[in-house]
Amino acid sequence: MTAIISVENLSISYRVPGGNLRALRDVSLSVARGEVLGIMGESGCGKSTLAAAMINLLPTGARISAGAVRLAGTDMLRLSPEDQRRLRGRSVAMVFQDPMTAFNPVLTIGRQLADFAGAHDPARAAPAALAAMLGRVGIPDPQRCLDRYPHELSGGMRQRVAIAAALLMQPDVLIADEPTTALDVTMEAQIIHLLRDLRSSFDGAIVIVTHHLGVIAELCDRVAVMYAGQVVEEGPVDSLFHDPRHPYTRALLACDPAVVDPASGRLPAIGGRIPDLTALPEGCAFAPRCGMAQPACASPVPRHHPGPGRSVLCHGAGP
Ligand code: ATP
Ligand code: MG
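Residues numbered from 1 in each chain as written. Chains lettered and ligands numbered in written order. Predicted model: local features only at pLDDT ≥ 70, side-chain atom pairs only at ≥ 80, totals over all residues. Heavy atoms only, no water.

- Per an unreviewed UniProt entry, the protein goes by ABC transporter ATP-binding protein and derives from Paragemmobacter kunshanensis.
- Per UniProt, the protein carries the Sequence similarities (unreviewed entry) text "Belongs to the ABC transporter superfamily." (UniProt positions renumbered as here; feature names shortened; annotations may be inferred.)

Given below as structure tokens:
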């Protein structure tokens, strides 16, 4: 399958008081049209930095030291600010964790959607077009919703509106960074349901960042597992969930129902702490927490390809 968006050998760091924090190290990924990629890993492993790079919305202070993000062949990270703005929203759109941050509190939903759509294509800013999009994401009374202010909606409804806003321009790529994390369990289930429905009607690529194993299992075709700024394992969801090869993935998926919180389906905490990203070792960053670590793990880690579409960054995963 041809990739619609691809991340190629991307390395990004932040300047912090303690030095240079290496948030992403040599990350490569690609997503094809119609495909849903999940990105999972513990807090601080670089998921949001990767998502932000994919829509070229990196925070100030982020430095791209190597690599590219190609959208239909164009390196987005090296476009003029004008071209970046044009592509953002139209070609790549983003749904954030907290839908409140996506809205201006003093403007109605209708006005904000119209401004956003009108900036790209005035025809799409017509109230009927906006209401139709709100209907598509399950807003019960779309006309009335257009006249409301963000604080008048529940968190779940706001997230639906945020998803509608992202879909307005029919982007090629939809990126959702923890789209359900700020919601309660019932609303979370509803948004997962909505995203699953959208899968069948949206013909672009979807990238979902999540801590939630259930979201990956229900929505994604492929999954990338991140640790300390690297993709340590990647593959089709079924194959990776049934046969995880990286000790970190195995620890995350230690799928004893007693370990995964049954109410939320969230990832268990695993022993030890993530490393200091300003002073990473030359070898495997997971070794200090890994029950299978050997002396070789102190040297640079090779990437193995244990099966179709699978890759794993681990000394112990070789043939
Ligand atoms: P979470 O699950 O908590 O959202 P994450 O996997 O999304 O975490 P990132 O937010 O990408 O992780 O952060 C990766 C690393 O970069 C972390 O160590 C974080 O503290 C650091 N970081 C992120 N944004 C900045 C910033 N603007 N300035 C400095 N450091 C940052
Ligand atoms: Mg994040």
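### A closer look at the UniProt feature "domain: ABC transporter" (unreviewed entry) in the protein
Then step 1. Taking the numbering used here, the UniProt-annotated feature "domain: ABC transporter" (unreviewed entry) corresponds to residues 5-253.
Then step 2. Along residues 5-253, the helical share is 38% and the strand share 28%, with 28 Å between the first and last C-alpha atoms. (Helix = DSSP H or I, 4+ residues; strand = E, 2+ residues; numbered from the N terminus.)

### Structural notes on the site of ligand 1
Then step 1. As a structural note, the neighbourhood of ligand 1 is formed by 16 residues, with Ser43, Gly44, Lys47, Ser48 and Thr49 the closest of them.
Then step 2. At 2.8 Å from an oxygen atom of ligand 1 is found a main-chain nitrogen or oxygen belonging to glycine 44.
Then step 3. Contact distances for ligand 1 include 2.8 Å between an oxygen atom and a side-chain N or O atom of lysine 47.
Then step 4. Bound to the protein, ligand 1 loses 67% of the 640 Å² it would expose on its own. (Near = heavy atom within 4 Å. Polar contact = N/O pair within 3.5 Å; in protein donor to acceptor, adjacent residues only side chain to side chain. Areas by Shrake-Rupley, 256 points an atom, 1.4 Å probe, with all protein chains shown as cover.)

### A word on the environment of serine 154
Then step 1. Checked against the element boundaries, serine 154 lands in the loop between helix 5 (142-146) and helix 6 (155-167).
Then step 2. Here serine 154 falls in the partly exposed class, since its relative accessible area comes to 31%.
Then step 3. Put simply, serine 154 and methionine 187 are 33 residues apart on the chain and 9.4 Å apart in space, counted from C-alpha to C-alpha. (Buried < 20%, exposed > 50% of the residue type's maximum accessible area, 1.4 Å probe, protein only.)

### Some details on the confidence of the model for the protein
Then step 1. Mean pLDDT over the protein: 89, with 95% of residues reaching 70 or higher.
Then step 2. Note on residues 255-259: pLDDT under 50 across the span, and five contacts to partners over four residues away in sequence or across chains.
Then step 3. Here the predicted complex scores 0.92 on pTM and 0.99 on ipTM. (pLDDT = per-residue confidence, 0-100. Contact = heavy atoms within 4.5 Å.)

### Overview of the sheet that holds strand 4 (residues 62-71)
Then step 1. Across the sheet, which stays open at both edges, the four strands sit in the order 2-1-4-5 with antiparallel pairing between neighbours. Lying at the two open borders of the sheet, with one neighbouring strand each, are strand 2 (19-32) and strand 5 (74-75).
Then step 2. In this sheet, strand 4 lies alongside strand 1 (residues 3-16) in antiparallel orientation, the contact comprising eight bridges. Paired with tyrosine 14 across the bridge in strand 4 is alanine 62.
Then step 3. Lying over the sheet, helix 1 (residues 47-54) contacts strand 1, strand 2 and strand 4, oriented at roughly 125° with respect to strand 1. (Pairing = 2+ DSSP bridges. Axes fitted to C-alpha atoms, helices over the stretch in contact; angles between N-to-C directions.)

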